[in-house]
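Report on the structure
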Amino acid sequence: MGGFIATLIGVICKACVDALAGGDTGGNAGFVTAMFTGIAVILTVIGVLVTVIPAQPGKKKLIVLGIHGAIWLVGYFLLNIIIPIIIAAVLIVVVLTFLGFHPLSGILNMLSGSGAAQEDVYEYQQPAEQPVEKEQVEVWREDEAGRRHNLRVNSTNDMYFDPEDGDWHPIKK
């Protein structure tokens with residue numbers, strides 16, 4: 001079983017690098033493609049040796065080699081279809097997240113079960129009473145030049161703060 005997994009990992013390496021390189025084999029892409037192709041071949045050879053040598057002679061060895069070949073054929077072509085879909089899906093999720101939508105949270109809620117269909121219950125609510133607007137009281141003082149200076153008033157509009165003596169005084173209405 002471990003030999004088949006090694007072959008599968010080799011196929012994944014080769015398919016990923018081919019899908020990401022996109023046929024460009026110049027410069028660093030050529031080096032990376034060659035490196036991952038080498039890793040894929042080495043893993044496949046290891047997988048074949050691990051599974052074929054202990055297999056019984058005759059048909060069993062051919063069956064094991066056929067399974068390795070099927071892993072390469074089916075896996076490589078399926079991954080060349082699946083990898084671009086995965087890349088596109090990741091890009092869509094990133095773009096939607098930057099636009100303010102959060103598709104991953106909806107998917108994770110659905111997977112966790114908290115997004116399951118629940119009955120919507122609506123309750124009629126009485127409109128909130130409008131707060132009675134309080135009369136805004138202004139307290140001011142004139143200086144020698146005739147300019148007005150507003151003084152601070154507390155939230156209940158019954159006292160003002162006099163900065164000259166540093167004390168609160170009741171407002172006379």
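In this text, all values refer to a predicted model and were calculated from it rather than measured experimentally.

The next thing to look at is the overall build of the chain. Tallying secondary structure elements over the chain gives four helices and four strands in all. What you see for the chain is a C-alpha radius of gyration of 38 Å, clearly larger than the 16 Å of a compact globule of 173 residues, by over 25%. Based on the C-alpha atoms only, the size of the chain along its principal axes is roughly 115 × 50 × 25 Å. Burial analysis of the chain (173 residues in total) assigns 18% to the buried set.

Okay, the side chain of Thr51 next. Position of Thr51 relative to the elements: it lies in helix H2 (residues 28–52). Dropping the residues within four chain positions of it, Thr51 is found in contact with Gly3, Phe4, Val64 and His68.

This brings us to the pairing of strand E4 (residues 167–170). Of the pairings in the sheet, the one linking strand E3 (residues 159–162) to E4 comprises four bridges and is antiparallel in character. When the bridges of E4 are listed, Tyr160 appears paired with His169. Counted between consecutive antiparallel strands, the loop separating E3 from E4 contains four residues, among which Gly166 sits at a positive phi close to 70 degrees.

The next point concerns a nonpolar patch on the surface. Together, Leu73, Val74, Phe77, Leu78, Ile81, Ile82, Ile85, Ile86, Val90, Val94 and Phe98 make up a nonpolar patch on the protein surface, roughly 1100 Å² of accessible area in all. Mapped onto the elements of the fold, Ile86 is located in helix H3 (residues 59–98). With relative accessibility at 47%, the residue Ile86 sits in the partly exposed group.

Overall, the prediction assigns the chain a mean pLDDT of 82, with 93% of residues at 70 or greater. Taking the mean pLDDT of every element in the chain, the minimum, 78, falls on helix H4 (residues 103–112) and the maximum, 89, on E4.

The next thing to look at is helix H1 (residues 2–21). For H1, built from 20 residues, the straight-helix expectation of 28 Å at 1.5 Å per residue is met to within 8% by its first-to-last C-alpha distance of 29 Å. Listing the buried residues of H1 in full gives Gly3, Phe4, Ala6, Thr7, Gly10, Val11, Cys13, Lys14, Ala15 and Val17. Against the buried residues of H1 lie H2 and H3.

What counts and how
Residue indices follow the written sequence of each chain, beginning from 1 at its first position. Under the rules for a predicted model, residues below a pLDDT of 70 receive no local features and side-chain atom pairs below 80 are neither given nor counted, while totals for whole chains, interfaces and linings still include all residues. Calculated side-chain values reflect all of the structure's heavy atoms, with hydrogen atoms and water omitted. Secondary structure elements are defined from DSSP: runs of H or I of at least 4 residues count as helices, runs of E of at least 2 residues count as strands, and each element is numbered from the N terminus. We compute the radius of gyration over the C-alpha atoms and compare it with the globule rule, which gives 2.2 Å times the number of residues raised to the power 0.38. Three exposure classes are used, based on accessible area relative to the maximum for each residue type with a 1.4 Å probe and protein chains only: buried under 20%, partly exposed in between, and exposed over 50%. Here, residues are in contact when the closest pair of their heavy atoms is within 4.5 Å. The criterion for strand pairing is that DSSP finds at least two bridges linking the strands in question. Only residues whose relative accessible area exceeds 30% and that form no salt bridge enter a patch; like-charged residues are grouped when within 9 Å of one another, and nonpolar side chains (Val, Leu, Ile, Met, Phe, Trp, Tyr) when within 5 Å. Accessible surface is estimated by sampling points in the Shrake-Rupley manner with a 1.4 Å probe; for residues, cover comes only from the protein chains shown. The term salt bridge refers to a pairing of a side-chain nitrogen on Lys or Arg with a carboxyl oxygen on Asp or Glu at a separation within 4 Å. Confidence scores per residue from the predictor, reported as pLDDT, run from 0 to 100. The span expected for a helix works out to 1.5 Å for each residue beyond the first.

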